Amino acid sequence: MNELFNSLYIESTTTFSITSFLICTVVSLILGGLVAWTYMFRNHYSKGFVVTLFLLPAIVEMVIMLVNGNVGAGVAVMGAFSLVRFRSVAGSAKEIASIFLAMALGLATGMGYIAIAVVFAVIICAVMMGLNYSNFGEMNENARWLRVTLPENIDYTTVFEDIFEKYLSAHQMMNVKTTNMGSLFRLEYMIELKDVSLEKELIDELRCKNGNLEIVCGRSVTGREEL
């Protein structure tokens with residue numbers, strides 16, 4: 001197999017064996033899975049972000065193996081990768097991971113590692129498709145994002161404690177914002193319902209506490225997949 005890859009190698013100053021490449025890639029994926037699983041443990045997350053954590057070590061490993069010992073390539077990669085963070089429009093975690101993957105493959109083919117780039121692309125894309133089709137990284141079915149508006153004269157730190165204790169198994173305040181010229185508080189929570197069938201009852205009791213102001217409850221995590 002090494003002969004096949006060597007036959008597709010085009011003038012590069014650095015070589016590495018297919019065996020070491022496969023071992024490093026597999027280990028990187030295992031470690032990426034460990035990091036992703038550790039991040040999910042007792043934490044709020046989105047699937048896009050944990051899939052990115054899963055894949056990123058293997059993508060970075062590919063880049064490091066390619067630029068190892070080549071100062072010129074290292075400087076070029078540093079400059080190219082710095083553009084990812086400073087694009088004009090912020091991207092999701094999946095988008096940034098895909099950009100890194102595309103850059104790694106472009107670097108590989110540009111340095112002459114044609115067969116290595118093909119194998120790496122097949123491995124990463126297969127893993128990515130498998131992760132997207134699997135339940136890995138999916139939020140708990142009982143998890144919700146809750147936004148509640150309160151008048152400024154109400155102490156938002158304790159006003160919902162009795163309701164949360166009754167209907168929720170876990171909750172965490174994510175954000176507090178003043179609105180309407182400072183006359184209202186807008187609170188955002190990540191919550192986990194004890195029973196999803198009682199979601200309406202939860203909202204009804206919250207309405208009694210906040211004077212029937214705006215309440216939003218849903219599974220949306222828009223804006224939480226950015227890196």
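Here, every reference points to the structure presented above.
Just so you know, these numbers come straight off a predicted model, no measurement behind them. (Residues numbered from 1 in each chain as written. Predicted model: local features only at pLDDT ≥ 70, side-chain atom pairs only at ≥ 80, totals over all residues. Heavy atoms only, no water.)

Engineer: How would you summarise the pairing of strand β3 (residues 184–193) if you had to cite specific residues and measurements?
Structural biologist: With eight of its ten residues buried, β3 lies for the most part within the structure. Bridge analysis of strand β1 (residues 143–151) against β3 gives nine bridges, and the strand direction is antiparallel. Looking at the pairing, proline 151 lines up with leucine 184 of β3. Sheet topology note: the strand β2 (residues 168–179)/β3 ladder contains ten bridges and is antiparallel. Note on β3: the bridge partner recorded for methionine 173 is tyrosine 189. Between β2 and β3, which pair antiparallel in sequence order, lie four residues; one of them, asparagine 180, sits at a positive phi of approximately 55°. (Buried < 20%, exposed > 50% of the residue type's maximum accessible area, 1.4 Å probe, protein only. Helix = DSSP H or I, 4+ residues; strand = E, 2+ residues; numbered from the N terminus. Pairing = 2+ DSSP bridges.)

Engineer: Describe the pattern of salt bridges, and please don't skip the residues or the numbers.
Structural biologist: The full count for this structure, using the stated rule, is seven salt bridges. Glutamate 205 is the salt-bridge partner of lysine 166, the closest N and O atoms lying 3.0 Å from each other. Of this pair, lysine 166 sits in helix α7 (residues 161–167) while glutamate 205 sits in helix α8 (residues 199–209); the two residues are 39 residues apart in sequence, bridging distant segments of the chain. Note that arginine 207 is salt-bridged to aspartate 204, the shortest N-O span being 3.2 Å. With a gap of three residues between them, arginine 207 and aspartate 204 both fall in helix α8, about one helical turn apart. What makes aspartate 204 partly exposed here is its relative accessible area of 25%. Beyond isolated ion pairs, a larger network of salt bridges with shared partners links Arg147, Arg186 and Glu214. (Salt bridge = Lys/Arg side-chain N within 4 Å of Asp/Glu carboxyl O.)

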